[in-house]
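The primary structure of each chain is shown beneath.
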Amino acid sequence: MAALKYAGLDDTDSEEELPPGWEERTTKDGWVYYANHLEEKTQWEHPKSGKRKRVAGDLPYGWEQETDENGQVYFVDHINKRTTYLDPRLAFTVEDTPVKPTTRQKYDGNSTAMEILQGRDLSGKVVIITGANSGIGFETAKSLALHGAHVILACRNTSRGSDAVQRILMEWHKAKVEAMTLDLASLQSVQHFAEAFKSKNMPLHILICNAAVFGAPWCLTEDGLESTFQVNHLGHFYLVQLLEDVLRQSSPARVVVVSSESHRFTEIKDSSGKLDFSLLSPSKKEYWAMLAYNRSKLCSILFSNELNRRLSPHGVTSNSVHPGNMIYSSLHRNWWVYTLLFTLARPFTKSM
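Report on the accompanying structure. Computed from a prediction, not measured in an experiment: that's the story for all the values here.

### Section: the overall build of the protein
A tally of helices and strands in the protein yields nine helices and 14 strands. Among the 352 residues that make up the protein, the fraction classed as buried is 42%. Summarising the internal contacts of the protein: among those between residues at least 6 apart in sequence, 64% fall at separations of at least 24. With an accessible surface of roughly 19800 Å², the protein has 53% of that area assigned to carbon and sulfur atoms.

### Some points on the environment of alanine 212
Summarising the element assignment, alanine 212 is placed in the loop between β12 (206-209) and α6 (227-249). Expressed as a C-alpha distance, the spacing of alanine 212 and valine 231, which sit 19 residues apart in the sequence, is 6.1 Å.

### Some details on the side chain of arginine 89
Along the polypeptide, arginine 89 turns up in the loop between β7 (82-84) and β8 (93-95). Classification of arginine 89 as buried rests on a relative accessible area of 11%. If we ignore the near neighbours within four places in the chain, the residues touching arginine 89 are Val55, Ala56, Gly57, Asp58, Leu59, Pro60, Gln65 and Phe75.

### Observations concerning the packing of helix α3 (residues 135-145) against helix α4 (residues 158-171)
At a minimum axis separation of 10 Å, α3 and α4 run at an interaxial angle of 40°. For the element pair α3 / α4, the angle class is oblique. Between α3 and α4 lies a crossing of right-handed hand. Contact residues: α3 offers Phe138, Ala141, Lys142 and Ala145, while α4 offers Ala164, Arg167, Ile168 and Glu171. Tallied by class, residues from the contact of α3 with α4 come to five nonpolar, no polar and three charged.

### Details of the sheet that holds strand β5 (residues 63-67)
The strands making up a sheet associate through hydrogen bonds between their backbones, and the pairing can be parallel or antiparallel. With respect to topology, three strands assemble into an open sheet ordered β5-β6-β7, the strand pairing being antiparallel. Single-partner strands in this sheet number two, and they are β5 and β7. Along the sheet, successive strands turn relative to each other by an average axial angle of 30°, direction set aside. Where strand β6 (residues 73-77) meets β7, three bridges bridge the pair, whose relative direction is antiparallel. Its bridge partner being in β7, phenylalanine 75 is matched across the sheet by threonine 84.

### Section: the sheet that holds strand β14 (residues 316-321)
The strand order β11-β10-β9-β12-β13-β14 describes an open sheet built from six strands, whose pairing is parallel. Strand pairing shows two members of the sheet lacking a second neighbour, β11 (177-181) and β14, which therefore form its edges. Each strand of the sheet is rotated relative to its neighbour by a mean of 15°, with strand direction disregarded. When β12 meets strand β13 (residues 253-258), the two strands line up parallel, connected through four bridges. Note on β13: the bridge partner recorded for leucine 207 is valine 255. The strands touched by helix α5 (residues 187-198) are β9 (126-130), β10 (150-155) and β11; relative to β11, the strand with the most contacts, the crossing angle is about 140°. Lying on the sheet, α6 is in contact with β9, β12, β13 and β14; it crosses β12 at an angle near 175°.

### Examining the pairing of β5
Burial within β5 is extensive, with four of its five residues counted as buried. Here β5 runs beside β6; their pairing, made up of five bridges, is antiparallel. Residue threonine 67 lies in a different strand from β6, and its bridge partner there is valine 73.

### What to know about the environment of proline 88
Note on placement: proline 88 falls in the loop between β7 and β8. Sequence spacing of proline 88 and tryptophan 63 is 25 residues, and the spatial spacing of their C-alpha atoms is 8.7 Å. In this view, proline 88 contacts Leu59, Pro60, Trp63 and Phe75; residues no more than four positions away in its chain are not counted.

### Here we look at the pattern of salt bridges
Think of it this way: side chains of opposite charge can pair up when their charged atoms draw near. Applying the stated criterion across every chain, the model contains 13 salt bridges. Two residues, lysine 200 and glutamate 178, come together in a salt bridge whose shortest N-O distance is 3.0 Å. With lysine 200 in the loop between α5 and β12 and glutamate 178 in strand β11, this residue pair connects regions lying 22 residues apart in the sequence. Taking the relative accessible area as the measure of exposure, lysine 200 reaches 34% and is therefore partly exposed. Its salt-bridge partner being glutamate 306, residue arginine 309 comes within 2.6 Å of it at the nearest N-O pair. Pair noted here: arginine 309 and glutamate 306 are both in helix α8 (residues 289-311), with a separation of three residues, about one helical turn. Assessed through its relative accessible area of 29%, glutamate 306 is described here as partly exposed. The network of salt bridges with shared partners includes Glu139, Lys142 and Glu171.

Procedures and definitions
- Residues numbered from 1 in each chain as written.
- Predicted model: local features only at pLDDT ≥ 70, side-chain atom pairs only at ≥ 80, totals over all residues.
- Heavy atoms only, no water.
- Helix = DSSP H or I, 4+ residues; strand = E, 2+ residues; numbered from the N terminus.
- Buried < 20%, exposed > 50% of the residue type's maximum accessible area, 1.4 Å probe, protein only.
- Contact = heavy atoms within 4.5 Å.
- Areas by Shrake-Rupley, 256 points an atom, 1.4 Å probe, with all protein chains shown as cover.
- Axes fitted to C-alpha atoms, helices over the stretch in contact; angles between N-to-C directions.
- Parallel < 35°, antiparallel > 145°, perpendicular 65-115°, else oblique.
- Left-handed = near helix turned anticlockwise from the far one by under 90°.
- Nonpolar A, V, L, I, M, F, W, Y, C, P; charged D, E, K, R; others polar.
- Pairing = 2+ DSSP bridges.
- Salt bridge = Lys/Arg side-chain N within 4 Å of Asp/Glu carboxyl O.

In structure tokens form, the structure reads like this:
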């Protein structure tokens, strides 16, 4: 009790009652935090009980959650025509008793993007995600946007990109999300995208290289390169080079390269152990779709590792990630056999 008295926390009868100068608030996704106006600081734990809480249930009928220009959540009572920063659900909070994570990992194969971002406020962060109109890219864009980030969907198909933006806005009409045209099969398009983004004079905190093709028939891009190699790796490589200065200026920043475990089942060296450039962009005679995909993902991992080595001293980290085996998305659309395999595996793999 002496410690409580010294801290000024012994003047209330209930451990749930806040001391003078403290205020209870909630985040966008319902987590309760506490503001100390005397010391101008916030914390997740109740100042007396040390407990963490979250609100339970939906907002009452007629209420709507909004965010002000400072990123603080407030609530509108449309029935009584009034606004308040006090969450009406605070009378119905539940104690948060999370399971202590193991020392090996905090999340597992059943974790969702929304769970991992739970309680995080990404307001002020700018994110670019390639191939964000569907699949993993769309789920990533939605999750980041719903947590306050300004998300740019870099998509080859402008119409589908705009549709994806509307789907996110339907979930939260205040989401900061927009679509921009980017065709990784055209180095000129990559350059135009980078120039258009820089003209916005915005920072860039996260660049997610997600777009990819899989099982595509052999064809050359307008730049004379095999399409799988250029779309999956070289286009992203060029994009990062063009935006590197913005990433450095926005540090701390990060690049995330979506790769695949299939990078293990290929090689890009010749019999003497030297890099064989003919394997990266093979002729039609030497082309096999699965090997081309594997090689592009191996290149992406090597690129991510070297990028991290070069840029991490400047506050820009780079990581490559394997999203999961045979996740059912539109990746397999190029051949019915792949569609069949993905369909058969769907009950046993991670869902979108």
